[in-house]
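One letter stands for each residue in the lines below.
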Amino acid sequence: MVFYEPHARDRALLPHDPFKAIVAPRPIGWVSTIGPDGELNLAPYSFFNAVGEDPPMIGFSSTGAKDSATFAAGTGEFVWNMPTWDLREAMNQTSKALPRGQSEFGFAGLEAAPSRLVAPPRVAAAHCALECRVVHQVELKTIDGAPADQYLVVGQVIGVHIDEAYITDDGRVDTAALKPIARCGYREEYAVVESLFAMWRP
Ligand SMILES: Cc1cc2nc3c(=O)[nH]c(=O)nc-3n(C[C@H](O)[C@H](O)[C@H](O)COP(=O)(O)O)c2cc1C
């Protein structure tokens, strides 16, 4: 078993940081926000997950103060759009750092659809979307109390959009049919969920 402390791994054995290959796959927060001048912003975040159930809450973390975290904190609102296999190229396009004012929606050839309860629009082509109001926005700290320059935004889900084509006759969302994509370890690695297995709790 290899053991190391993160600052002191054997770079001959592990030239690339394995952290994100270990905590994998990670669902992708495809986050739409609105900037201070009304600009539409859209970007993927793999430091993302559901963090609470009742009420439902989701969170994403920005490495450095990027626009999505800044805008979500500024307006108090964001929308999560589900990245699926059919939207993988468009999702990837939206990770490009564009000048402020140029929207990733247009750049990636995506249409925006109005949200119901928040100002940021959702990705019209996304089969699921969650409208959120921000409840926490914190700069993470290290164990020494030093600022980590990583910004966590947690939102409470206040509106849910589901494409009815993915709701089965028995009233379940068909996750495998949606084919959500997820982030794996290294720059180019992803996973796609196409099948599920069942296991009951003891
Ligand atoms: C699949 C994927 C996941 C990403 N996850 C993160 C992340 O968790 N944190 C982060 O800071 N950047 C992440 N990025 C990079 C951002 O999407 C990229 O820096 C983007 O330009 C940020 O846009 P914004 O400034 O409009 O928020 C990811 C990129 C991709 C393609």
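Here the structure is shown first, and the text comes after it.
As the structure is a computational prediction, the values presented were derived from the model and not from experiment.

Enquirer: Now, about the overall build of the protein chain: what can you tell me, with residues and values included?
Expert: Helix and strand counts for the protein chain come out as five helices and 12 strands. The C-alpha atoms of the protein chain give a radius of gyration of 18 Å, which matches the 17 Å a tight globule of 202 residues would have. Overall size of the protein chain, expressed as C-alpha extent along the three principal axes, is 50 × 45 × 35 Å. The buried share of the protein chain, taken over its 202 residues, is 37%. Here the analysis covers contacts within the protein chain between residues at least 6 apart in sequence; of these, 58% occur between residues at least 24 apart. Entry remark: accessible area of the protein chain is about 12,400 Å², with carbon and sulfur atoms responsible for 55%. Computing the positive centroid from 17 side-chain charges and the negative centroid from 25, the protein chain places the two 3 Å apart.

Enquirer: Describe the environment of Arg172, and please don't skip the residues or the numbers.
Expert: Examined against the element boundaries, Arg172 turns out to sit in the loop between strand S10 (147–162) and helix H5 (175–178). On the basis of relative accessible area, Arg172 is assigned to the exposed category, the value being 56%. Contacts of Arg172, omitting those with residues within four sequence positions, involve Tyr166 and Ile167.

Enquirer: Which residues make up the layout of surface pockets, and what values go with them?
Expert: Its boundaries defined by the atoms lining it, the largest pocket holds a volume of some 780 Å³. What lines the largest pocket is a set of 38 residues, among which Ala43, Pro44, Tyr45, Lys66 and Ser95 lie closest to the centre. Taken together, the elements giving at least two residues each to the lining of the largest pocket come down to strand S3 (40–45), strand S5 (56–63), helix H2 (67–75) and helix H3 (88–93). Here the element with the most residues in the lining of the largest pocket is S3; it accounts for five residues. In the lining of the largest pocket, the residues fall into 14 nonpolar, 13 polar and 11 charged.

Enquirer: Give a description of the state of the cysteines that names residues and reports values.
Expert: Counted according to the given criterion, the structure contains zero disulfides. Not engaged in a disulfide, the cysteine Cys128 finds its nearest cysteine sulfur in Cys132; these two sulfurs lie 13 Å apart. Taking the relative accessible area as the measure of exposure, Cys132 reaches 0% and is therefore buried.

The rules behind these values
- Residues numbered from 1 in each chain as written.
- Predicted model: local features only at pLDDT ≥ 70, side-chain atom pairs only at ≥ 80, totals over all residues.
- Heavy atoms only, no water.
- Helix = DSSP H or I, 4+ residues; strand = E, 2+ residues; numbered from the N terminus.
- Rg over C-alpha atoms; globule rule 2.2 N^0.38 Å.
- Buried < 20%, exposed > 50% of the residue type's maximum accessible area, 1.4 Å probe, protein only.
- Contact = heavy atoms within 4.5 Å.
- Areas by Shrake-Rupley, 256 points an atom, 1.4 Å probe, with all protein chains shown as cover.
- Lys, Arg positive; Asp, Glu negative; His and termini not counted.
- Charge placed at Lys NZ, Arg CZ, Asp CG, Glu CD.
- 1 Å grid on protein atoms, 1.4 Å probe; cavity = no way out; pocket = protein on both sides within 12 Å on 5 of 7 lines; lining within 4 Å.
- Points joined across faces, edges and corners; volume = space filled by probe spheres on them.
- Nonpolar A, V, L, I, M, F, W, Y, C, P; charged D, E, K, R; others polar.
- Disulfide = S-S within 2.5 Å.

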